[in-house]
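# Breakdown of the fold
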Amino acid sequence: MHAPSHFHPRRPRLIAGAAISGAFCALLGLLALFGWYCHIPQLVQVQPGMAPMQYNSALCFVLMGLALEAWTCGRTRRALPVLGGIVALMGALTLGEYLFRARLGIDQLFFRCYIATGSSVMGRMSPVAAFSFLLGGSAMVLLTGATGPRWRALAVGSAASVTISISLVAIAGYGFDLPGAYGWGQFTRLAAHSAAGLG
Amino acid sequence: MGLGLFFIAWKLGLRPGERTPRWLPVPLALAVVLASVVLAFAFDAKQDQEIAQTVRAASNTATSLVSVRLDARIRSLVRMERRWAFSGRPAQAVWQDDAASYCHDFPDLQAIEWIDGSHIIRWIVPLAGNEAKLNRNLTLEVSRKAAIERAEREHQPVITPMVTLFRGGSGFIVYVPIFVKGQPDGFIAATVNAQACLSRFLDGVAPGEAISLSEHGRVVFTRDAATPARNPDWLVDAKIPIHGTTWNVRMWPTPKFQKQLSSPLAAVVLCVGALGALLLGGVCFLAQRSSRHASETMLANAALKSALEHVKTLEGLLPICSCCKRVRDDTGYWNKIETYIHTHTNASLSHGYCPECAAKTFEDFGFDVPEEVQAQLKAKNFE
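Facing the 30 residues of chain B at the interface are 39 residues of chain A. Every element with two or more residues in the side of chain B that touches chain A is listed here: helix 1 (2–13) and helix 2 (25–87) of chain B. When residues of the side of chain B that touches chain A are assigned to their parent elements, the largest contribution, 14 residues, is made by helix 2 of chain B.

On to the pairing of strand 1 (residues 109–115) of chain B. Residues and elements named next belong to chain B. Most of strand 1 is tucked away: seven of the seven residues are buried. Inspection of the sheet shows strand 1 paired to strand 6 (residues 183–193) by six bridges, in the antiparallel sense. Looking at the pairing, Leu109 lines up with Val192 of strand 6. One ladder, built from four bridges, connects strand 1 with strand 2 (residues 121–125); its direction is antiparallel. Bridging from a neighbouring strand, Ile115 pairs with Ile121 of strand 2. Connecting the antiparallel pair strand 1 and strand 2 is a turn made up of five residues, with His119 showing a positive phi of about 65°.

Bringing the confidence of the model for chain B into the picture now. Considering every residue of chain B, the mean pLDDT works out to 87; 98% of them sit at 70 or more. The ipTM value of the predicted complex is 0.89, and its pTM value is 0.68.

Turning our attention to the sheet that holds strand 10 (residues 245–253) of chain B. Residues and elements named next belong to chain B. Judged by pairing direction, the sheet is antiparallel, and its four strands sit side by side in the order 8-7-10-9 without closing on themselves. Here the strands that pair on one side only, and so sit at the sheet edges, are strand 8 (218–223) and strand 9 (236–242). In this sheet, neighbouring strand axes are inclined to one another by 20° on average, regardless of whether the strands run parallel or antiparallel. Where strand 7 (residues 209–215) lies against strand 10, six bridges are found, and the strand directions are antiparallel.

Attention now moves to helix 1 of chain B. With 12 residues, helix 1 of chain B should reach 16 Å at 1.5 Å per residue; the first-to-last C-alpha distance of 16 Å fits that figure. Counting buried positions along helix 1 of chain B yields 11 of 12 residues, so the element is predominantly enclosed. Next to the buried residues of helix 1 of chain B lie helix 1 (12–37), helix 3 (55–72), helix 5 (127–142), helix 6 (152–175) and helix 8 (192–198) of chain A.

In this chain, Val125(B) is followed by Pro126(B) through a cis amide linkage whose omega measures -5°. By the secondary structure assignment, Pro126(B) is in the loop between strand 2 and helix 4 (142–154). Residue Val46(A) is not a glycine yet carries a positive backbone phi of 60°. Position of Val46(A) among the secondary structure elements: in the loop between helix 2 (41–45) and helix 3.

Turning to its location among the elements, Leu99(A) is positioned in helix 4 (residues 79–99). Residues Leu99(A) and Pro127(A) lie 28 residues apart in sequence; the distance between their C-alpha atoms is 9.5 Å.

As a further point, take the nonpolar core. In terms of nonpolar packing, the biggest core is built from 86 residues, with Ala67(A) and Val156(A) touching the most fellow members. If one sorts the elements of this core by residue count, helix 3 of chain A sits on top with 13 residues. In this structure Val156(A) touches Ala139(A), Leu142(A), Leu143(A), Leu5(B), Ile8(B), Ala9(B) and Leu12(B), once residues within four positions along its chain are discounted. If you look at the next biggest cluster of nonpolar residues, it comprises 53 residues, including Ile148(B), Val192(B), Ala210(B) and Ile211(B).

Calculation notes
Counting from 1, residues in each chain are numbered in the order their sequence is written. Lettering for chains starts from A, numbering for ligands starts from 1, and both go in the order in which the items are written. Restriction of local features to residues with pLDDT of at least 70 applies here, the model being predicted, together with a cutoff of 80 or more for giving and counting side-chain atom pairs; totals for whole chains, interfaces and linings are based on all residues. Each residue gets a C-beta atom placed from its backbone, and two residues are in contact if those atoms lie within 7 Å. Strands here are runs of E lasting at least two residues and helices are runs of H or I lasting at least four, both read from the DSSP assignment and numbered beginning at the N terminus. To sort residues by exposure, count the other C-beta atoms lying within 10 Å of each residue's C-beta; 20 or more gives buried, 12 or fewer gives exposed, and values between give partly exposed, all with C-beta atoms placed from the backbone. By this definition, two strands are paired if DSSP reports at least two bridges between them. On a scale of 0 to 100, pLDDT captures the predictor's confidence in every residue. Inter-axis angles, ranging from 0 to 180 degrees, are taken between N-to-C directions of lines fitted to C-alpha atoms, where helices are fitted over the stretch in contact. A helix is expected to span 1.5 Å for every residue after the first. In these notes, a nonpolar core means any group of buried Ala, Val, Leu, Ile, Met, Phe, Trp, Tyr and Cys residues linked to one another through C-beta atoms within 7 Å.

Below is the structure:
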């Protein structure tokens, strides 16, 4: 297998960082999915009383992880728009549900959730996660193809910074008991490990 | 996820020879601004929650105090009824003395009355100011009659809904049925002015809270309730169920108390965040620019160094002949000055005439010295 076209021999650390981040993301999502299927609450909500990582969030983490791995392997033409598009769509639809107080039936489309702690609607991912997935998925779609517009890096960098910032604030919220930092309004709260995964 | 995307963006944004992408200050500042906004909202929400908790605690205190103090008054009336039931109907003077001491102990009681079995007010303490009530038939008053009948039916003290008192103002009446050897012997009634009674009950309780007490939507008592709550989350509603009626209590912090409880932390976080974003973005931009300038300077220095290595310079003493101007080299050979300069520097010489030699040459060959040469001789621009 030859190196991807965008691989720069002098910047292997950046590629490796993206690969590690993708692997962590996918692993985190897979563990949560495993927890949901096998009824292991520790994998889903870390501690009793804490908000769980919703099934759709876990799915989005897996897809985002795969998308990051696909980029590091140079498979940007087909994999990125599909994986990123699905993630962005899920984020956008969930945000739409919150904004328009609608029920589109996507919250429990793939799995019937059984933990309601910290959830405003059963199975619906938090608006924090939905917003981050919308940004992340859109950034992935933007990365399609080996070349792109010059502002592409700025757009992806901004999306990444916002996501990292949201994640750090949520983690700080858990650390300093600030529910407003990981749960916007009265809506579903972001799980602690989701916050770590977003970062 | 965010880090992975950031690494990719970093990778894509790099230009040859640069260590950081040029756009780095923008997302950095954006991230700090967003973090500070979310943190400010979180602190604000936390503060609202704490204020709501404070109001809730004050509401619990106030409602339990009203219940306990009102219950204490009702128990006093019940004790009076017990003595009546045990000893039989007392002499009017004895009862009035007893009732007067109760009125003394509980100044918020407007009057204590004995109502006979036909629902007519027979005795009243204090009489002064209540003369009009004496011998009044209560069967004509709907709410009073209903309460009396209920007290008689249930053998328990009953409080009327808020009524307009005979002496004016809004208040309620506590009716305690008297049974002597199982036979009804009238009622002991205590008339209470709601505003005066509740002001006394809540004096010094939750001083920073506005209180509104209502019954069936009719407001019967207010304290500092002129300004509504700034945040609907701070409104705390509670119910006080008391002997046949229920009072609704609504409490919220007064503007002064809101100011005391409010912390500027959220605003400080927002300002510091905005300032921090500006500083971080600025510092990052300046660092990148200085780094670029440093790189450019280093490149320029390297180019100069390389050029200097190729420049030949003449240094030290050159032995030159005073007459023919030949120069002696290191081997002792006498070179023409043109040859010597050509060999030891990168310069080459082109031949011509200076004004003096040109004039002499023209004269030697018998020609007139041209005006141009003469002008140069006059200018004396030679040694």
